[in-house]
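Breakdown of the fold
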Amino acid sequence: MREAIGFCCALAGSVALAAQAGMTPLAEGQKLLRGGDVAGAQARFEAAVAEDPKSYDAHYALGRVLDLNGEYARARKHFEEALALAPESDREQPLTAIAVSYAFEGRPDDAAGYYQRVFDAQSAADRFDAAAATANAIARVYLEAGHLDKAAEWYSTGRETARQIAQLKAEELDLWEFRRHHAQARLAARRQDPAAAREHMRQARRILDKGTNLDQKIQWPYLAGYVAFYAGDYAAAVKELQAGDERDPFILGLIAQAYDKLGQKDRAREYFAKVLATPAHTINAAYSWPEAKRYLR
């Protein structure tokens, strides 16, 4: 009880300080969310919606935290409100948010349906770079949900769409090829085909070593750790993944699962707690937040 009272007092204090600074409920909520206080952020975003029911930003922000809190149907109601308020030229963000919401709930076909609306609009506008990225996002949703044939189909669509991008520079060609081999290695790992996974890893490493896309180096530990995890080498998975981006909730969640497989429950809880300290609304969060909450509960 004392802990609950202390939490409430701390929350009241932080909100009071924000109010004294002349912040709006929306700004207060964003500040609380950045600090990892999802419950406090939800309360302020609720206030922001009540204050201005026609605020796109308020509905969108509230939808994000409702998904983090597991209130998926309510989240999508607010994302639909944001979609209705968005101009025709600015509908990708709320459509993507609804897709991610369905991914949070473990409904990949529904997620893909909303992503496809984005993909179709991007393709119709000849925005093939964005459309290829969206196709890969659909594939990723199916991959992490274990629907491997559908994942393969959409990764193929992503590759074919990328080929329609006009006048790609050499480094951009390398980037799309690196992404293709990265994805195919993970798909092979999920299919329990280590030989194919290793070959795609070799090709990805070859492209990376050309030095044309140095910003992609951070993606290598993720790939190596992912392949090791699905090969059942959990110690190697931890070692590789810990060299990656530990701000990424998916990587943190995979490390936590690897520690759990190794029987190191305390370390698993530590990393799942880190997942919940990264309040992102992305595919990566969709496939780590719910698992972290279940485990820590």
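Residues numbered from 1 in each chain as written. Predicted model: local features only at pLDDT ≥ 70, side-chain atom pairs only at ≥ 80, totals over all residues. Heavy atoms only, no water.

1. Some remarks on the pattern of salt bridges
Test applied: Salt-bridge detection follows one rule: a side-chain nitrogen of Lys or Arg within 4 Å of a carboxyl oxygen of Asp or Glu. Burial status follows relative accessibility: with a 1.4 Å probe on protein chains alone, a residue under 20% of its type maximum counts as buried, one over 50% as exposed, and anything between as partly exposed.
Using the criterion set out here, one finds 24 salt bridges in the structure. A salt bridge links Arg 163 to Glu 160, with the nearest nitrogen and oxygen atoms 3.0 Å apart. Its relative accessible area of 53% is what places Arg 163 among the exposed residues. Sharing partners across several salt bridges, the network here consists of Arg 76, Glu 105, Arg 107 and Asp 110.

2. Quick word on the packing of helix 5 (residues 72-85) against helix 6 (residues 92-104)
Angle between the axes and distance between the axes are the two parameters that describe a pair of packed helices. Short version of the rule: To define axes, lines are fitted to C-alpha atoms, for helices over the stretch in contact only, and angles between the resulting N-to-C directions are given on a 0 to 180 degree scale. By definition, any uninterrupted DSSP run of H or I lasting at least four residues is a helix, any uninterrupted run of E lasting at least two residues is a strand, and each is numbered from the N terminus. Each angle gets one of four labels, with under 35 degrees taken as roughly parallel, over 145 as roughly antiparallel, 65 to 115 as roughly perpendicular, and the rest as oblique. Pairs of residues are marked as contacts when any of their non-hydrogen atoms sit within 4.5 Å. The nonpolar class holds Ala, Val, Leu, Ile, Met, Phe, Trp, Tyr, Cys and Pro. Asp, Glu, Lys and Arg form the charged class, and all remaining residues, Gly among them, are polar.
With their axes 9 Å apart at the nearest point, helix 5 and helix 6 run at an angle of 170° to one another. Here helix 5 lies roughly antiparallel to helix 6, going by the angle between them. For the pair helix 5 and helix 6, contact is made by Tyr 72, Ala 75, Arg 76, Phe 79, Glu 80, Ala 82 and Leu 83 and by Pro 94, Leu 95, Ala 97, Ile 98, Ser 101, Tyr 102 and Phe 104, respectively. Residues of the contact of helix 5 with helix 6, tallied by class, amount to eleven nonpolar, one polar and two charged.

3. A look at the nonpolar core
Heads up, the condition is: Side-chain atoms within 4.5 Å are what join buried Ala, Val, Leu, Ile, Met, Phe, Trp, Tyr and Cys residues into a set we call a nonpolar core.
Counting residues in each nonpolar core, the largest one holds 75 residues, and the members touching the most others are Phe 45, Phe 104 and Tyr 115. Ignoring anything within four residues of it in the chain, the contact list for Phe 45 reads Leu 26, Gly 29, Gln 30, Leu 33, Ala 61, Leu 62 and Val 65. Of all hydrophobic cores here, the second largest spans 13 residues; its members include Ala 185, Ala 189, Ala 204 and Leu 208.

4. Some remarks on the packing of aromatic side chains
Cut-off, in case you're wondering: Only Phe, Tyr and Trp rings take part, Trp by its six-membered ring, and two of them pair if their centres are within 6.5 Å. Stacked means planes under 30 degrees apart, edge-to-face means over 60, and tilted covers everything else. By the criterion adopted, a ring carries a charge over it if an Arg CZ or a Lys NZ lies within 6 Å of its centre and within 35 degrees of its normal.
Taken as a whole and assessed by the stated rule, the structure comprises twelve aromatic pairs. For the pair Phe 119 and Trp 154, a centre-to-centre distance of 5.5 Å together with 90° between the ring planes defines the contact as edge-to-face. With a gap of 35 residues between them, Phe 119 in helix 7 (residues 108-124) and Trp 154 in helix 9 (residues 148-162) connect regions that are remote in the sequence. The buried category is assigned to Phe 119, whose relative accessible area is 10%. Plain terms: the ring middles of Tyr 226 and Phe 250 are 6.3 Å apart, the flat faces sit at 20° to each other, and that makes the pair stacked. Highlighted residues: Tyr 226 in helix 12 (residues 219-230) and Phe 250 in helix 14 (residues 249-261), separated in sequence by 24 residues. For Phe 250, a relative accessible area of 5% corresponds to the buried category. Members of the aromatic cluster, joined through ring pairs, are Tyr 222, Tyr 226, Phe 229, Tyr 230, Tyr 234 and Phe 250. Taking NZ or CZ as reference, Arg 179 lies 4.7 Å from the ring centre of Trp 176, over its face. Just above the ring of Tyr 226 sits the side chain of Arg 186; from NZ or CZ to the centre is 5.9 Å.

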